[in-house]
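Fold and geometry: a report
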Amino acid sequence: RLVVVAPARSGDMAEAVRQYFKKRNCTTYIVTITDETRQLSPDVWTCGRDDRDGFARCLEEVGEMDGFVLLSDYEASPELEGTDWRRSGQEHETQLLRLVQTLDHLGSNGIVQGYVLRLIDEKCGNPHGGGLAGLTYAIAQGSHRFAMRNLEVSVLDLMDADSRDLVFDAMWRAARCR
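Residues numbered from 1 in each chain as written. Predicted model: local features only at pLDDT ≥ 70, side-chain atom pairs only at ≥ 80, totals over all residues. Heavy atoms only, no water.

Structural notes on the overall build of the protein
In terms of helices and strands, the protein carries six helices and seven strands. Scanning the protein from its N terminus toward the C terminus, one meets helices and strands in the order β-α-β-β-β-α-β-α-α-β-α-β-α. Looking at the protein as a whole, 51% of its 178 residues qualify as buried. By sequence separation, contacts in the protein at least 24 residues apart represent 72% of the contacts at least 6 residues apart. Entry remark: accessible area of the protein is about 8,600 Å², with carbon and sulfur atoms responsible for 47%. (Helix = DSSP H or I, 4+ residues; strand = E, 2+ residues; numbered from the N terminus. Buried < 20%, exposed > 50% of the residue type's maximum accessible area, 1.4 Å probe, protein only. Contact = heavy atoms within 4.5 Å. Areas by Shrake-Rupley, 256 points an atom, 1.4 Å probe, with all protein chains shown as cover.)

As structure tokens, then:
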């Protein structure tokens, strides 16, 4: 079982990740970071960015997870307004911490595979996202239960299905969902 977590504006990419893993018989859930926590369907939720217990509510009935993918698109979005930049921590770092805490609380018989997929734009340097990368490494060092990977992927490498599949194939080889 795999959960894909993404800000609302990355919904298409979250769905692409979900479809890829579903084709490989992996039960996949989507949690979109928005203003409120609610269930949209049995495998699709929204999680309020300010809801401390949002992931617990979203995943409590799902049970044990094999892994997660957290999508971050801020580095590939240089046109974002100042308020959007401030909200980045609420949609990325804070959500990663809450997700890991929730998965740790739910328990697992094995190692949870964690992927932070950071979409970057090679044309412009953008230091934003360093906090997310550092947090990913800290989780990897601090907990034996999580096998964390920080993947920086050019948005150009995800433009078409064949290119996306190359990236997702690498993730699949490690994840192997139940």
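Considering the pattern of salt bridges
Counting across every chain of the model gives eight salt bridges. Among the ionic pairs, Glu152 bridges to Arg118, the shortest N-O distance being 2.7 Å. Separated by 34 residues along the polypeptide, Glu152 in strand E7 (residues 146–154) and Arg118 in strand E6 (residues 112–120) bring together distant segments of the chain. Here Arg118 falls in the buried class, since its relative accessible area comes to 3%. (Salt bridge = Lys/Arg side-chain N within 4 Å of Asp/Glu carboxyl O.)

Notes on the nonpolar core
One finds Val3, Phe68 and Leu96 to be the most contacted residues of the largest nonpolar core, which totals 25 residues. Beyond its immediate stretch of four places on either side in the chain, Leu96 contacts Phe68, Leu70, Val116, Leu132, Leu135, Thr136, Ile139 and Met148. Counting residues in hydrophobic clusters, the runner-up holds 22 residues, among them Phe21, Val69, Tyr115 and Val153. (Core = buried A, V, L, I, M, F, W, Y, C linked by side-chain atoms within 4.5 Å.)

Re the side chain of Thr34
Assignment of secondary structure puts Thr34 in strand E2 (residues 28–34). The class of Thr34 is buried, set by a relative accessible area of 19%. Reaching out from Thr34, the side chain makes a polar contact with the backbone oxygen of Glu36 at a distance of 3.1 Å. When residues no more than four places from it in sequence are discounted, the contact partners of Thr34 are Ala8, Thr46, Cys47, Gly48 and Arg49. (Polar contact = N/O pair within 3.5 Å; in protein donor to acceptor, adjacent residues only side chain to side chain.)

Description of the sheet that holds strand E4 (residues 44–48)
Taken in spatial order, the seven strands line up as E3-E4-E2-E1-E5-E6-E7 in an open sheet, and their pairing is mixed. Each edge of the open sheet is held by one strand with a lone partner, namely strand E3 (38–41) and E7. Shown here is a sheet whose adjacent strand axes are inclined to one another by a mean of 20 degrees, direction ignored. Here E2 runs beside E4; their pairing, made up of five bridges, is parallel. Note that in E4 the partner of Ile30 across the bridge is Val44. Contacts between helix H4 (residues 93–106) and the sheet are confined to strand E1 (2–7), E2, E4, strand E5 (67–72), E6 and E7, with E5 contributing the most and set at about 175 degrees to the helix. (Pairing = 2+ DSSP bridges. Axes fitted to C-alpha atoms, helices over the stretch in contact; angles between N-to-C directions.)

Examining the state of the cysteines
Summed over all chains, the structure comprises zero disulfides. Between Cys47, a free cysteine, and Cys58, which holds the nearest cysteine sulfur, the sulfur-to-sulfur gap is 4.6 Å. Taking the relative accessible area as the measure of exposure, Cys58 reaches 2% and is therefore buried. (Disulfide = S-S within 2.5 Å.)

These figures capture arrangement, not role.
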